[in-house]
Amino acid sequence: MVNFSLEGKVALVTGASYGIGFALATAFAEAGAKIAFNDIKQELVDKGLAAYKEKGIDAKGYVCDVTKEDQVQALVANIEKDLGPINILVNNAGIIKRIPMIEMKAEEFRQVIDIDLNGPFIVSKAVIPSMIKNGGGKIINICSMMSELGRETVSAYAAAKGGLKMLTKNIASEYGEYNIQCNGIGPGYIATPQTAPLRERQADGSRHPFDAFIVAKTPAARWGNAEDLQGPAVFLASSASDFVNGHILYVDGGILAYIGKQPQ
Ligand code: NAP
Ligand code: GCO
């Protein structure tokens, strides 16, 4: 029988106090996994802990910035002590800055690359040795439409998420022989705090032009919800995907398949 169970597995989902990370960790818990998550501030960890508790999930939360190698090493050691070795890692923590490229400071560009690309490198590097020792593991990198497409104002984010796609393929290439599967999920446009500015109502009550643009660009004709990513994530975290490696699973309501609405 196909096995989607995560019973007995330990999952670390980064930046999972709310948003997509929270939804994925919740689905893993429902499939039987023990959950660890981190965020950069104690208030957010506390908010996350309360949200997990409300769902009946006994998650462990830690303060850790994914760009700081010493903090990440300590995070992994603490999780091993509290829950056991990490079997599933989701590199979810990420930020976006929407600034036209010629107005963007190099420091701002670097910060996005640091969190969205160096972060997954640092956290993956910290868990891979114990995955090798323990006979395998699953790494899921949260990529983006911007792993494939560009648009105005998101140069740093697109560069980071394009890089994350290739880091995914490289981890699969380099560590596949140790029964480590590293895949990406490329969400389409998902309604979370990160995309809230793109959905804000206009002063006259009408929809944000970007909101209408995305709905027209998506064959499913709607924004995604974080819950839309749960099934694909459980699949990639479970033994059902043991021969899937280096793949980016786009969960986008069809955006990447679509040429766009024809003019009326
Ligand atoms: P979100 O609502 O902004 O959540 C991101 C989380 O990452 C927040 O909890 C954030 O904490 C945390 N974080 C940021 N920097 C961190 C750091 N240095 N160390 C640890 N945690 C950090 O975003 P989301 O929409 O759920 O997105 C989650 C992931 O999916 C991101 O990688 C994003 O790029 C990607 N994604 C989102 C969409 C979408 O449409 N929403 C689509 C494709 C991909 P703070 O609140 O403290 O910043
Ligand atoms: C943007 C958005 C996107 C999404 C997502 C798409 O400004 O274009 O924030 O980049 O968050 O990553 O997959």
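Residues numbered from 1 in each chain as written. Chains lettered and ligands numbered in written order. Predicted model: local features only at pLDDT ≥ 70, side-chain atom pairs only at ≥ 80, totals over all residues. Heavy atoms only, no water.

J.: Would you mind showing me how to read the pairing of strand β5 (residues 137-142) here?
T.: Each regular strand carries side chains that alternate between the two faces of the sheet. Counting buried positions along β5 yields 6 of 6 residues, so the element is predominantly enclosed. Neither face of β5 is left uncovered, since the one carrying G137, I139 and N141 and the one carrying K138, I140 and I142 both have all their residues buried. Of the strand pairs in this sheet, strand β4 (residues 88-91) and β5 are connected by 4 bridges, and their pairing is parallel. Bridge assignment links L89 to a residue of β5, and that residue is I139. This β-α-β element, β4 to helix α4 (residues 106-133) to β5, shows right-handed connectivity. One ladder, built from 6 bridges, connects β5 with strand β6 (residues 180-187); its direction is parallel. Among the inter-strand pairings, N141 is bridged to a residue of β6, identified as G184. In this region the chain leaves β5, passes through helix α5 (residues 155-175) and returns to the parallel neighbour β6; the handedness of that crossover is right-handed. (Buried < 20%, exposed > 50% of the residue type's maximum accessible area, 1.4 Å probe, protein only. Helix = DSSP H or I, 4+ residues; strand = E, 2+ residues; numbered from the N terminus. Pairing = 2+ DSSP bridges. Right-handed = clockwise from strand over helix to strand, strands pointing away.)

J.: What is the right way to look at the site of ligand 2 in this model?
T.: Surrounding ligand 2, one finds 14 residues, the nearest of these being R98, S144, R151, Y157 and Q194. Between ligand 2 and the protein, one listed contact pairs an oxygen atom with a backbone N or O atom of M145 at 2.8 Å. Between ligand 2 and Y189, the relevant distance is 2.7 Å, taken from an oxygen atom to a side-chain nitrogen or oxygen of the residue. Its free accessible area being 340 Å², ligand 2 has 96% of it covered by the protein chains. Assessed atom by atom at 2 Å from the grid points, ligand 2 resides in the largest pocket. (Near = heavy atom within 4 Å. Polar contact = N/O pair within 3.5 Å; in protein donor to acceptor, adjacent residues only side chain to side chain. Areas by Shrake-Rupley, 256 points an atom, 1.4 Å probe, with all protein chains shown as cover. 1 Å grid on protein atoms, 1.4 Å probe; cavity = no way out; pocket = protein on both sides within 12 Å on 5 of 7 lines; lining within 4 Å. Sits in = over half its atoms within 2 Å of the grid points.)

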